[in-house]
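Examination of the molecular architecture
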Amino acid sequence: MQPNILGVQKSQILLVGAAATLLVVLVAFGRTVPHSDKKAMPTAAHMHDGQEGKPIAFDELLASAKQKIPADRLVAITALENKVVRGDVKNQQIDAYKQLYASWDSLNQLPIAAYYLGESAKLENSEKSLTFAANLFLEHLEHAEDPAIAKWESSQAISLLGQAIELNPKNDSLKIKQALLYMNTGEPMVGVQKLRDVVAANPDNAEAQITLANLAIQSNQFDKAIERMETFTQKHPDEAKAVFVLAEAYRGKGDIKKAVELLEHCKTLLNDPSLKAEIDNYIKSIK
């Protein structure tokens, strides 16, 4: 998950709780993802509202965007669109899609640009190009104020990641990203099952185990989160993220003493003084 996760501040660790944003702990401890200036993965709020309703149709999104661009740019884009339709050679289509991507990107119409890069990636059919295109949707996802657009972006990314996973079935990181996106489209149990499949095949996958524990905390299933994290930390005692999530599960259950004990231990596993200070502040807030 590369640079710091989308500019999320370490102070957001203070938000962690039974109703906390999903994976904010992972953010605070330096989990990296394709980034923009906001979180690119679904939040608890998204999962709870279920993103009800249908995703916007691409044709509708495209028509709306075309109304906002200069006439000369619209002419050039239309010519590229016709080139795609008429092209009977895959490489010509790939090139036309990439030109459309560049054109819409220069117009700051990022969802549409991502769509065309995704179409190019589907034809190229390489894990790298498919993942890159999916990441563009992830970057913009939290910017989408319209739930219909957010749901469409999530669906596009799911499709691209699915094709990438077919090419590399052992890439658990892609599977976890896709699982979280299913939650963003109102299919939380599909996402949960995919995460469970990851940990069934690889119990040592910290990202998947911690994500499942976070989900349990958000649904007030504190005992399940505790069981999962205690099992995991017995084998991986130096995994700070897991220790923090375990502390949060105990806090949610009402065992503040145990939570503080774990948070103090968590501090010993960290090298970042500012993050240690955040945990100190958090400890003060829950005592």
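Across its full length, the chain carries 15 helices and zero strands. Burial statistics for the chain: of 287 residues in total, 54% are counted as buried. Accessible surface, the chain as shown: approximately 13500 Å² in total, 50% of it carbon and sulfur.

What follows covers the packing of aromatic side chains. Following the criterion strictly, the structure yields eight aromatic pairs and no others. The interplanar angle of 85 degrees and the centroid separation of 5.5 Å between the aromatic rings of F137 and W152 together place this pair among those described as edge-to-face. You can see F137 sitting in helix α7 (residues 127–141) and its partner W152 sitting in helix α8 (residues 147–167), a full 15 residues away along the chain. Grouping residues by exposure puts F137 and W152 together as buried. The rings of F58, Y97, Y115, Y116, F137 and W152 are connected pair by pair, giving a single aromatic cluster. Across from the ring centre of Y250, 5.8 Å away, lies the NZ or CZ of K258, which sits over that ring.

What follows is about the confidence of the model for the chain. This prediction gives the chain a mean pLDDT of 83; 81% of its residues lie at or above 70. Confidence over residues 1–28 falls short of pLDDT 50; this stretch has 84 contacts with residues more than four positions distant or in other chains. Confidence drops under pLDDT 50 across residues 30–51; counting only partners more than four residues distant or on other chains, this segment forms 78 contacts.

It helps to recall that an α-helix has 3.6 residues per turn; residues three or four apart then point in one direction. With 15 residues, α7 ought to run about 21 Å at 1.5 Å a step, and its terminal C-alpha atoms sit 21 Å apart, in line with that. Most of α7 is tucked away, with 11 of its 15 residues classed as buried. When we look at burial in α7, the residues that qualify are S129, L130, T131, A133, A134, N135, L136, F137, L138, H140 and L141. Packing partners of the buried residues in α7 comprise α5 (90–106), α6 (110–124), α8 and α9 (172–184).

As a further point, take unusual backbone geometry. One non-glycine residue, N125, lies in positive phi territory at about 55 degrees. On the secondary structure map, N125 appears in the loop between α6 and α7. For N220, which is not glycine, the phi dihedral falls at a positive 60 degrees. Of note, N220 is situated in the loop between α11 (206–218) and α12 (222–235).

What follows concerns the pattern of salt bridges. Applying the stated criterion across every chain yields a total of 10 salt bridges. When the shortest N-O distance is used, the salt bridge between E264 and K267 registers 3.2 Å. You can see E264 and its partner K267 sitting in helix α14 (residues 256–268), three residues apart, about one turn around the helix. Accessibility expressed as a relative area gives 34% for E264, which makes it partly exposed. For D280, the salt bridge goes to K267, with nearest N and O atoms at 2.5 Å. Here D280 is found in helix α15 (residues 273–286), whereas its partner K267 is found in helix α14, with 13 residues between them in sequence. Given a relative accessible area of 29%, D280 falls into the partly exposed group.

Turning to α6, a few remarks are in order. The end-to-end C-alpha distance of α6 is 21 Å, a good match for the 21 Å that 15 residues give at a rise of 1.5 Å each. When you tally the buried positions in α6, you get 11 out of 15 residues, the bulk of the element. Inspection of α6 places P111, I112, A113, A114, Y115, Y116, L117, G118, E119, S120 and A121 among the buried residues, and these make up the whole buried set.

Turning our attention to the packing of α12 against helix α13 (residues 240–253). Where α12 meets α13, the closest approach of the two axes is 9 Å, and the angle between their N-to-C directions is 150 degrees. Of the possible angle classes, the one that applies to α12 and α13 is roughly antiparallel. For the pair α12 and α13, the crossing hand works out as left-handed. Where α12 approaches α13, its residues F222, D223, A225, I226, M229, E230, F232 and T233 are matched on the opposing element by A242, V243, V245, L246, A249, Y250, G252 and K253. Taken together, the residues of the contact of α12 with α13 break down into 11 nonpolar, two polar and three charged.

Cut-offs used in this document
Starting from 1, residues in each chain are numbered consecutively following that chain's sequence as written. Predicted model: local features are reported for residues with pLDDT of at least 70 only, side-chain atom pairs are reported and counted for 80 or more only, and whole-chain, interface and lining totals are derived from all residues. Derived side-chain values reflect all non-hydrogen atoms in the structure, with water molecules and hydrogen atoms excluded from consideration. Helix numbering and strand numbering both begin at the N terminus, where a helix is a DSSP run of H or I of at least 4 residues and a strand a DSSP run of E of at least 2. Partly exposed residues are those whose accessible area sits between 20% and 50% of the maximum for their type, while under 20% is buried and over 50% is exposed, using a 1.4 Å probe and protein chains only. Here the open area of atoms and residues is found with the Shrake-Rupley method and a 1.4 Å probe, where only the protein chains shown may cover a residue. Each aromatic pair joins two rings of Phe, Tyr and Trp (for Trp, the six-membered one) with centres within 6.5 Å, and gets the label stacked for planes under 30 degrees apart, edge-to-face for over 60, and tilted for any other angle. By definition, being over a ring means that NZ of Lys or CZ of Arg is both within 6 Å of the ring centre and within 35 degrees of the ring normal. The pLDDT score gives, residue by residue, the confidence of the prediction method on a 0 to 100 scale. Any two residues having at least one pair of non-hydrogen atoms within 4.5 Å are treated as being in contact. Working rule for helices: expected span equals 1.5 Å times residues minus one. Put simply, a salt bridge is a Lys or Arg side-chain nitrogen that is within 4 Å of an Asp or Glu carboxyl oxygen. Where helices are involved, their axes are fitted lines through C-alpha atoms of the stretch in contact, as for all axes, and angles between N-to-C directions lie from 0 to 180°. Under this scheme an angle from 65 to 115 degrees is roughly perpendicular, one under 35 degrees roughly parallel, and one over 145 degrees roughly antiparallel; angles in between are oblique. Left-handed describes a crossing whose near helix is turned anticlockwise from the far helix by less than a right angle; the clockwise case is right-handed. Three residue categories are used. Nonpolar comprises Ala, Val, Leu, Ile, Met, Phe, Trp, Tyr, Cys and Pro, charged comprises Asp, Glu, Lys and Arg, and polar comprises the others, including Gly.

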